[in-house]
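Chain and residue survey
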Amino acid sequence: MISEAEIANLRRLIERSRRMVFFGGAGVSTESGIPDFRSQDGLYKQKYKYPPETILSHTFFAEHTEEFYEFYRAKMLCLDAMPNAAHYKLAQWEKEGKLSAVITQNIDGLHQKAGSKNVLELHGSVWRNHCVRCGMGYPVQKIVKSKGVPHCPCGGVIKPDVVLYEEPLDQDVLNRSVEEIRRADLMIIGGTSLNVYPAASLVDFFRGDNIAVINRGAPAKDMRGVLFIDGKIGEVLSMI
Ligand code: NAD
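Since the structure is predicted, the reported quantities are computational estimates derived from the model, not experimental observations.

With that settled, the discussion passes to the side chain of His 87. Here His 87 lies in helix H5 (residues 85–95). By relative accessible area, His 87 is classed as buried at 0%. Once residues lying within four places of it in the same chain are set aside, the contact partners of His 87 are Val 28, Ser 29, Ser 32, Leu 110, His 111 and Ala 114.

We note that the domain assignment places domain 1 (1–34 + 82–123 + 168–240), domain 2 (35–77) and domain 3 (126–162) within the chain. The C-alpha centroid of domain 3 is placed 18 Å from the C-alpha centroid of domain 2. Residue-level contacts link nine residues of domain 2 with 14 residues of domain 3. Around 890 Å² of area is buried between domain 2 and domain 3 when both sides are counted, 70% of it from carbon and sulfur atoms. Taken as a group, Tyr 69, Tyr 72 and Arg 73 account for 54% of the area that domain 2 buries against domain 3, more than any other trio of residues on that side. At the boundary of domain 2 with domain 3, the tally comes to zero salt bridges.

The next point concerns helix H1 (residues 4–16). Here H1 is 13 residues long and its end C-alpha atoms lie 18 Å apart, about the 18 Å a rise of 1.5 Å per residue gives. Residues of H1 that are buried include every one of Ile 7, Leu 10, Leu 13 and Ile 14, and no others. Down the axis of H1, the buried set is contained in an arc of 125°. They therefore lie on one face. Every exposed residue of H1 that faces more than 90 degrees away from the buried side is listed here: Glu 4, Glu 15 and Arg 16. Against strand S1 (20–24), H5, strand S7 (186–190), strand S8 (210–215), strand S9 (227–230) and helix H9 (233–238) lie the buried residues of H1.

How each quantity is defined
Residues numbered from 1 in each chain as written. Predicted model: local features only at pLDDT ≥ 70, side-chain atom pairs only at ≥ 80, totals over all residues. Heavy atoms only, no water. Helix = DSSP H or I, 4+ residues; strand = E, 2+ residues; numbered from the N terminus. Buried < 20%, exposed > 50% of the residue type's maximum accessible area, 1.4 Å probe, protein only. Contact = heavy atoms within 4.5 Å. Domains from an automatic or database assignment. Buried area = accessible area lost by both parts, 1.4 Å probe. Salt bridge = Lys/Arg side-chain N within 4 Å of Asp/Glu carboxyl O. Expected span 1.5 Å × (residues − 1). Arc of directions from axis to C-beta.

Quick look at the structure:
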């Protein structure tokens, strides 16, 4: 149960802030019907032939491309999902000049669908794809409409622009994220277990005044001294 006092505290921090940044993860999109990884009904609790961490690795993509795509099309492509109250509130704050950036581990594009402009996608996006041989870009419809392994006319395999396990994060996105976090006076962290590295380590670059965490259950990182609201982020942000 979210208390009035918690909401009042969060509202106060937001009113005082001159530059907010948001850092989020899969929990931001569960209220849009996209399962996260580590919740009770998350993808890691479901049974597959291989653990999802294995399927979503670079090695598995290279060696079992067809099985990768079977899982990817069934579980990772949620193209009809719509933004929820959290996505919309963050977009509104950016428009009002209160929020400088959304830094997300999500790959679903829902922040952009809600109207956010400065979205730093640490793990890429399902909406973009490219040929691993010639680099040609493809929209997601190419993946949806093809069967088995999607190929480019050059013969190369098409790969989603999604950062798989064992793959490095885009250096430019990382640098811009660090810069946004360093310059903010308030960081709101939400819908993330803070279990996935190096993404989770970015929050350590924060030098501002206040951190607020809105999550169902405490994240893996020690967050003592911050305002922690244990609840659904869409519900919480719609009360602000
Ligand atoms: P995670 O699954 O490890 O953690 C999600 C966290 O959000 C959990 O602590 C959970 O309790 C909390 N949560 C769930 N619903 C919530 C809600 N409505 N409000 C507040 N908190 C809620 O996810 P993660 O930390 O983002 O890291 C795992 C990886 O998952 C990321 O790398 C990301 O790329 C990938 N992923 C993305 C999507 C997506 O794009 N929507 C979906 C699944 C996984």
